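Structural characterization, general
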Amino acid sequence: MEEKTIQIAGSITVDELATALGLSVTELIGTLFKNGIVATINQRLDFETASIIIDELGLKNVKLERKNTSTKTSDFHRELSDKAITRPPVVAVMGHVDHGKTTLLDTLLHKKTVEGEAGGITQHISAYQLKHNDRLITFLDTPGHEAFAAIRQHGAMLTDIVVIVVAADDGVKPQTIEAINFAKSANAKIIVAINKIDREGADINRTMADLSQQGLQPEEWGGDIVMVPVSAKQNQNLDKLLDMILLTADIEELKADVDIPAEGLVIESHMETGKGSVVNLLVTGGELKTGEFIVAGSTYGKIRTMLDWQGKPKGKATPSTPVTVTGFKDLPNFGDRFVEVSDEKTARKMALLNAQAIADETASANVTGSDLLRMMNVADNSKIFNVIIKGDVLGSVTSVVDSLKLIDTHGEVTLNIVSTGVGDISENDVYMAAGENTVIYGFNVSVPINISKMAARDNVPIRTYKVIYELLDDAKHEMENLLDAEIVEEDKGELKVLGVFRTEKTSIIAGGEVLTGDVRPEYLARVIRDKKYLGEAEVTSVQKEKIDAKELVAGETGGLALKTESKIDLQIGDRLKFFTRESKKRTL
């Protein structure tokens, strides 16, 4: 059967999807209804929902494709003119947590940053510039912790060269492999800095061998990957590393046009009291100047102030230059492309057009895949964990949300993100959380005293963290509390009934011989006759030679009293199989 391809630009109506699939609208609406969604003919479904429904219908010959309307970095490529000039390389520094990439940058830039990061782990993308041999190099320091995979991939998409830092005493780790894959997917050139060569246990050859297994063949072994042994702490071989970066840049012939309207990418954005939106940009073409109008995604602004990476005023920024600007009406999104326009009217119009494209892609979908999956899970008695996420910058919020979604609850707990936002926790957050068993998580944000009192009054839990994995541990613990307990049973012994002395509606007194194990008060017993299960009882007391005893063991005979939920007709020759039953809290 010929495969059918359906392109979806953000969302599709029930009517359009039914037509594309060659089904009746009634059949499609019926399938949605069976999965917990009451849909109308004009209701919009997002890409994920359409995929789920096609799976539910069992349509194997249908392939869905996303029709791209995104303004993200991956769509951004410009043909250079013959007037393009050489620009500085943009270098992302990546690697496993604790392998020393931030220390490497600290040494290169003669500054200290790691103390300012909670837990000694980089939490945001930071952009720097340094001069080597009278040439500029732009560095992006990307987070190393696994929870910041979203930011790290975003960092790779911005760069020409990726320096992967690998500790010579620790070798290739999961985040090292992740960084390699990101660099390859971004088509960036790779240079490896084998760090900590001054450490005891450092083994450069073993590290190179580990890297070669990941497809990075060192030049020394006939490959094409430059590997530079360095010690960030001892400032050893760092000049050679910078030389290699500039040599790679020369080979790549990195250029940009300057006689065009300024353009580039949003690295980060957040709100600051007294300043409004504060946005970190990386200029990729043209010359950005204060006073110009720029559009990024669905927002725009006139640049009021522009600072370089050291916080010094800057009147003009050329390609490959990171700057911090104020003047945007709202916060642009992490990774959005920005462009310079001639006036405010044009800026407003372009922002509106971008907002419409984004709406087509996401917001216009009345039913999303996550909604559908949540409804399907709820139908299976899934528990729901409601959260509100507030962060200091959009990149942090994205990473927290992405990391929460990665917590595997085996389909038993559904994560429901009620809302997300940038800035301190507000009244509106508490209003949304009240009565819905919702936890508000704040990452690098504050809780004003009046909001804290309001939350206490409404029994709304607010938890703030400065280190992401502490936040994730808390969320994981909350989800574990929602899991049904595991019932654990342990066999204890078996008794053959030799006499039945009294049988009442909820109690039995009998005697017998213990064949295996032991029998004690509070053990449970299954009553078995010729392999047939007759019922369950609880041992309330045990007697040996007509005296109360703590236990009877294999080979001993004695009496016992049993408590039952309903009458059991116990007979001589029946078997009692003893066990314990314990409710055990489960973990993820």
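To be clear, the structure that these remarks concern was listed above.
**Considering the nonpolar core**
Note on soluble globular proteins: their nonpolar side chains tend to be buried together. Core analysis: the largest hydrophobic core is formed by 27 residues, its most contacted members being L104, I137, F139, I191 and I245. Looking at this core, the elements that each hand over two or more residues are β6 (90-95), α4 (101-109), β7 (126-132), β8 (135-141), β9 (161-167), β10 (189-195), β11 (226-229) and α8 (238-252). If you tally residues by element for this core, the top one is α8, at seven residues. Those residues in contact with I137 that sit more than four places away from it in its chain are P89, V91, Y128, Q129, L130, H132, L242, I245 and L246.

**Looking at the sheet that holds strand β13 (residues 263-272)**
Judged by pairing direction, the barrel is antiparallel, and its six strands sit side by side in the order β13-β14-β19-β17-β16-β20 before closing back on the first. For this sheet the average axis-to-axis angle between neighbouring strands, irrespective of direction, equals 45°. Direction of pairing for strand β16 (residues 293-296) relative to strand β20 (residues 337-341): antiparallel, over a ladder of four bridges. Along β20, the bridge assignment pairs V295 with V339.

**Observations concerning the packing of aromatic side chains**
Taken as a whole and judged by the stated rule, the model has two aromatic pairs. Aromatic pair Y128 and W309: ring centres 5.5 Å apart, planes at 90°, arrangement edge-to-face. Note that Y128 is positioned in strand β7 and W309 in the loop between β17 (299-307) and β18 (316-317), a separation of 181 residues in sequence. Exposure remark for W309: the relative accessible area of 23% places this residue in the partly exposed category. Where Y441 meets Y465, the ring centres are 6.5 Å apart and the plane angle is 40°; that geometry is what we call tilted. You can see Y441 sitting in strand β23 (residues 438-443) and its partner Y465 sitting in strand β24 (residues 462-465), a full 24 residues away along the chain. Comparing Y441 with Y465 shows no difference in burial state: the two are buried. If you follow R526 out to its NZ or CZ, it ends over the ring of F579, 3.8 Å from the centre.

**Some remarks on the sheet that holds β24**
Reading across the sheet, the four strands line up as β22-β21-β23-β24 and stay open at both edges, with parallel pairing between neighbours. Each of the sheet's edge strands pairs with one partner strand only, and the pair in question is β22 (413-422) and β24. Each strand axis lies, on average, 25° off the axis of its neighbour in the sheet, ignoring direction. As defined by bridge partners, strand β21 (residues 383-391) adjoins β23 across six bridges and the pair is classed as parallel. Bridge pairing in β23 links G391 to F443. Contacts from helix α14 (residues 468-482) reach β21, β22, β23 and β24 within the one sheet, and its direction differs from that of β23 by about 170°.

**Considering the pattern of salt bridges**
Inspection of every chain in the model, using the stated rule, returns 24 salt bridges. Residues E489 and R581 are paired through a salt bridge, measuring 2.9 Å at the closest nitrogen-oxygen approach. Residue E489 is found in strand β25 (residues 486-503), and its partner R581 is found in strand β32 (residues 575-584); the two are separated by 92 residues along the sequence. When salt bridges that share partners are traced, they join E489, R526, E536 and R581 into one network.

**A few points about the environment of K196**
With respect to the secondary-structure elements, K196 resides in the loop between β10 and α7 (204-213). Look at K196 and you get buried, because its relative accessible area is 14%. Separated by 34 residues in sequence, K196 and V230 place their C-alpha atoms 6.6 Å apart. Once residues within four sequence positions are removed from consideration, K196 is found in contact with D98, H99, G100, A167, A168, D169, A202, V230 and S231.

**Notes on the environment of V514**
Structurally, the position occupied by V514 is in strand β26 (residues 507-519). For the pair V514 and L576, spaced 62 residues apart in sequence, the C-alpha to C-alpha distance is 9.2 Å. Excluding residues within four positions of it along the chain, V514 makes contact with E494, L495, V519, L552, V553, A554, G555 and E556.

Rules used throughout
- Residues numbered from 1 in each chain as written.
- Predicted model: local features only at pLDDT ≥ 70, side-chain atom pairs only at ≥ 80, totals over all residues.
- Heavy atoms only, no water.
- Core = buried A, V, L, I, M, F, W, Y, C linked by side-chain atoms within 4.5 Å.
- Buried < 20%, exposed > 50% of the residue type's maximum accessible area, 1.4 Å probe, protein only.
- Helix = DSSP H or I, 4+ residues; strand = E, 2+ residues; numbered from the N terminus.
- Contact = heavy atoms within 4.5 Å.
- Pairing = 2+ DSSP bridges.
- Axes fitted to C-alpha atoms, helices over the stretch in contact; angles between N-to-C directions.
- Phe/Tyr/Trp six-rings, centres within 6.5 Å; stacked < 30°, edge-to-face > 60°.
- Lys NZ or Arg CZ within 6 Å of the ring centre and 35° of its normal.
- Salt bridge = Lys/Arg side-chain N within 4 Å of Asp/Glu carboxyl O.

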